[in-house]
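Now for the letters of each chain:
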Amino acid sequence: TTYAWAVTPKVYDQAQLFTSEESDALEKSAKELGEKLQLDIVIVTTDENDGKSSRDYADDFYDQNGFGYGTEADGLLLLINMEDREVYISTC
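So, here is what we can say about the structure in this document.

**A word on the pattern of salt bridges**
Then comes step 1: Tallying each qualifying case throughout the model produces five salt bridges.
Then comes step 2: A salt bridge links Lys52 to Asp60; its shortest N-O distance comes to 2.7 Å.
Then comes step 3: Classification of Lys52 by relative accessible area gives partly exposed; the value is 26%.
Then comes step 4: Residue classification places Asp60 among the partly exposed residues on the basis of a relative accessible area of 26%.
Then comes step 5: Residues Asp59 and Arg55 are paired through a salt bridge, measuring 3.9 Å at the closest nitrogen-oxygen approach. One end of the pair, Asp59, and the other, Arg55, are both in helix H3 (residues 54–64), four residues apart, so they sit about a helical turn from each other.

Quick look at the structure:
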């Protein structure tokens, strides 16, 4: 059985901070660690946060894209917000 969390992309480099090799390595690490810890790990970079705080942007991105491991939708999202120069970790 393949679970949706396992095939969904984990790296969303909207601010284009990573090379393709770095994105691939992060993608692989996020999936491997997520499976080991039984939680969804997502990495997002942005240079436009739509007027939201880093917390709201990260929480909304996680919820609106249907991330989460298991029935409780366990996971974390690491946001690199270049507009506000912040790093934020949202957990679920």
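Following the structure, the description resumes.
**Looking at a negative patch on the surface**
Then comes step 1: Side chains of Asp47, Glu48, Asp50, Glu83, Asp84 and Glu86 sit close together on the surface and give a patch of like negative charge.
Then comes step 2: As for its placement among the helices and strands, Glu83 is situated in the loop between strand E3 (75–81) and strand E4 (86–91).
Then comes step 3: Residue classification places Glu83 among the partly exposed positions, given a relative accessible area of 39%.

**As for unusual backbone geometry**
Then comes step 1: Here the phi dihedral of Gln16 falls at roughly 55°; this positive angle occurs in a residue that is not glycine.
Then comes step 2: Structurally, Gln16 is set in the loop between strand E1 (11–13) and helix H2 (20–37).
Then comes step 3: You can call Gln16 exposed: its relative accessible area is 68%.
Then comes step 4: Unusually for a residue other than glycine, Asp50 sits at a positive phi of about 55°.
Then comes step 5: Within the fold, Asp50 resides in the loop between strand E2 (40–46) and H3.

**Focus on the side chain of Ser23**
Then comes step 1: When you line up the elements, Ser23 lands in helix H2.
Then comes step 2: Residues within four places of Ser23 in sequence aside, it is in contact with Val11, Asp13 and Phe18.

**Digging into the pairing of E2**
Then comes step 1: With seven of seven residues buried, E2 is to be regarded as a mostly interior element.
Then comes step 2: Side-chain alternation along E2 places Asp40, Val42, Val44 and Thr46 on one buried face and Ile41, Ile43 and Thr45 on a second face that is also buried.
Then comes step 3: Of the strand pairs in this sheet, E1 and E2 are connected by three bridges, and their pairing is parallel. Pairing of Tyr12 across the sheet is with Val44, part of E2.
Then comes step 4: The β-α-β motif built from E1, the intervening H2 and the parallel element E2 has left-handed crossover chirality.
Then comes step 5: Taken together, the seven bridges between E2 and E3 define a ladder with parallel strand orientation. Pairing of Ile43 across the sheet is with Leu78, part of E3.
Then comes step 6: Handedness of the crossover joining E2 and E3 through H3: right-handed.

What counts and how
- Residues numbered from 1 in each chain as written.
- Predicted model: local features only at pLDDT ≥ 70, side-chain atom pairs only at ≥ 80, totals over all residues.
- Heavy atoms only, no water.
- Salt bridge = Lys/Arg side-chain N within 4 Å of Asp/Glu carboxyl O.
- Buried < 20%, exposed > 50% of the residue type's maximum accessible area, 1.4 Å probe, protein only.
- Helix = DSSP H or I, 4+ residues; strand = E, 2+ residues; numbered from the N terminus.
- Patch = residues over 30% accessible without salt bridge, like charges linked within 9 Å, V, L, I, M, F, W, Y side chains within 5 Å.
- Areas by Shrake-Rupley, 256 points an atom, 1.4 Å probe, with all protein chains shown as cover.
- Lys, Arg positive; Asp, Glu negative; His and termini not counted.
- Charge placed at Lys NZ, Arg CZ, Asp CG, Glu CD.
- Contact = heavy atoms within 4.5 Å.
- Pairing = 2+ DSSP bridges.
- Right-handed = clockwise from strand over helix to strand, strands pointing away.

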